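# Structural features, examined
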Amino acid sequence: MLKTRKVAGRGDAISSHYAFGQLEDDTIIKHRLLTRTTTTRGEPPLKKLQKKFTSFALEVEKDADNSNDCERLAKAFLQELTTFELPLLKSKAVIDANLREKENFNELKAEINRQIIQAEDDIEDLKKQLEESKVERKHKEECETIRKLIALQPPRSDTQKVLTDLEKEIALLEAENISGSRTLELRKKQFALLLHVVEELQTTIEEEPRSLMEEMRNSVEDHKNGVEDASCGPDAMAVD
């Protein structure tokens, strides 16, 4: 009968051939462990030991003088018992060794688990250190870039000289601005005065034609009156 077993932790399927079913196989293994037999052939040691003890007990219960037989059967029983005991002692030694191995394995497993946890903690710390290193490297690169930009700039003395020249130029421009403002104010006043003079001149120009006409009219009237007076004088002298 073909069966398939899975190894824990790997998950890989391993094919194994069984001569019996799973339940029958477990029963046979349990029976062999109890009877100390490793094969299905021959008589089980426990049954042989039982037969030796039964033979010895039956011989002891006899009333006949059989001390030699009893001694022989007792030796045979003890020999069989020793033979039966040796595998038990061996099994006990194997069990003790397995228990120690299991304990060592558990300790090793605990140590491995502790090392795994420590390794995980170390990995987390290294990740944090890596992030911090990245940030620090980025800051260094930025500082290096700024340093290069600063190195490209002119010396402080030149910058201070340029700044002083600019301050002087600003002061000169401010003085020119003040002077220009004063000149502009003066020009405003002069322009206002000029406008006033132009207005007065325009008023005078507009009034002069009227005055001229009045004078011409008065002159004409005076001339007319003079002519009339002259004509009237000789006539009056003639009449007289």
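These remarks concern the structure in this document. Predicted model only: the values in this text are computed from it and were never measured.

### Quick look at the overall build of the chain
A count of helical and extended segments in the chain gives four helices and two strands. Listing each helix as α and each strand as β along the chain from the N terminus yields β-β-α-α-α-α. The burial tally for the chain puts 7% of its 240 residues in the buried class. With the model as given, the accessible surface of the chain reaches about 21,400 Å², and the carbon-plus-sulfur share is 59%.

### Some words on a nonpolar patch on the surface
A surface patch of nonpolar side chains, about 370 Å² in accessible area, is lined by Phe191, Leu194, Leu195 and Val198. Assignment of secondary structure puts Leu194 in helix 4 (residues 156-239). You can call Leu194 partly exposed: its relative accessible area is 48%.

### Quick word on the environment of Lys75
In this fold, Lys75 is placed in helix 3 (residues 67-152). Along the sequence, Lys75 and Lys52 sit 23 residues apart, while their C-alpha atoms lie 9.7 Å from each other.

### Considering helix 3
In a regular helix each residue adds 1.5 Å, so 86 residues correspond to 128 Å; helix 3 covers 122 Å between its end C-alpha atoms and thus fits that length. Every buried residue belonging to helix 3 is among Cys70, Leu73, Ala74, Ala76, Phe77, Glu80, Phe84 and Ser91, and all of these are buried.

### A look at the pattern of salt bridges
For the structure on display, the rule yields seven salt bridges. Notably, a salt bridge pairs Lys161 with Asp165, separated by 3.4 Å at the nearest N-O pair. Remark: Asp165 and Lys161 occur in helix 4; sequence separation between them is four residues, near one turn of the helix. Overall, the relative accessible area of 54% leaves Lys161 in the exposed class.

### So, the packing of helix 2 (residues 45-61) against helix 3
Between helix 2 and helix 3, the shortest axis-to-axis distance is 9 Å and the interhelical angle comes to 160 degrees. As far as their axial angle goes, helix 3 and helix 2 are roughly antiparallel. For the element pair helix 2 and helix 3, the recorded crossing hand is left-handed. Here helix 2 contributes Pro45, Leu46, Lys48, Leu49, Lys52, Phe53, Ser55, Phe56, Glu59 and Val60 to the contact with helix 3, which in turn contributes Asp69, Cys70, Leu73, Ala74, Ala76, Phe77, Glu80, Leu81 and Phe84. Within the contact of helix 2 with helix 3, the residues separate by chemical class into 13 nonpolar, one polar and five charged.

### Observations concerning the environment of Phe56
The topology assignment puts Phe56 in helix 2. Taking the C-alpha atoms as reference, Phe56 lies 8.7 Å from Ala76; in sequence the two are 20 residues apart. Other than its neighbours up to four places away in sequence, Phe56 contacts Cys70, Leu73 and Ala74.

Reading guide: rules and limits
- Residues numbered from 1 in each chain as written.
- Predicted model: local features only at pLDDT ≥ 70, side-chain atom pairs only at ≥ 80, totals over all residues.
- Heavy atoms only, no water.
- Helix = DSSP H or I, 4+ residues; strand = E, 2+ residues; numbered from the N terminus.
- Buried < 20%, exposed > 50% of the residue type's maximum accessible area, 1.4 Å probe, protein only.
- Areas by Shrake-Rupley, 256 points an atom, 1.4 Å probe, with all protein chains shown as cover.
- Patch = residues over 30% accessible without salt bridge, like charges linked within 9 Å, V, L, I, M, F, W, Y side chains within 5 Å.
- Salt bridge = Lys/Arg side-chain N within 4 Å of Asp/Glu carboxyl O.
- Expected span 1.5 Å × (residues − 1).
- Axes fitted to C-alpha atoms, helices over the stretch in contact; angles between N-to-C directions.
- Parallel < 35°, antiparallel > 145°, perpendicular 65-115°, else oblique.
- Left-handed = near helix turned anticlockwise from the far one by under 90°.
- Contact = heavy atoms within 4.5 Å.
- Nonpolar A, V, L, I, M, F, W, Y, C, P; charged D, E, K, R; others polar.

Any link to function would need more than the numbers given here.
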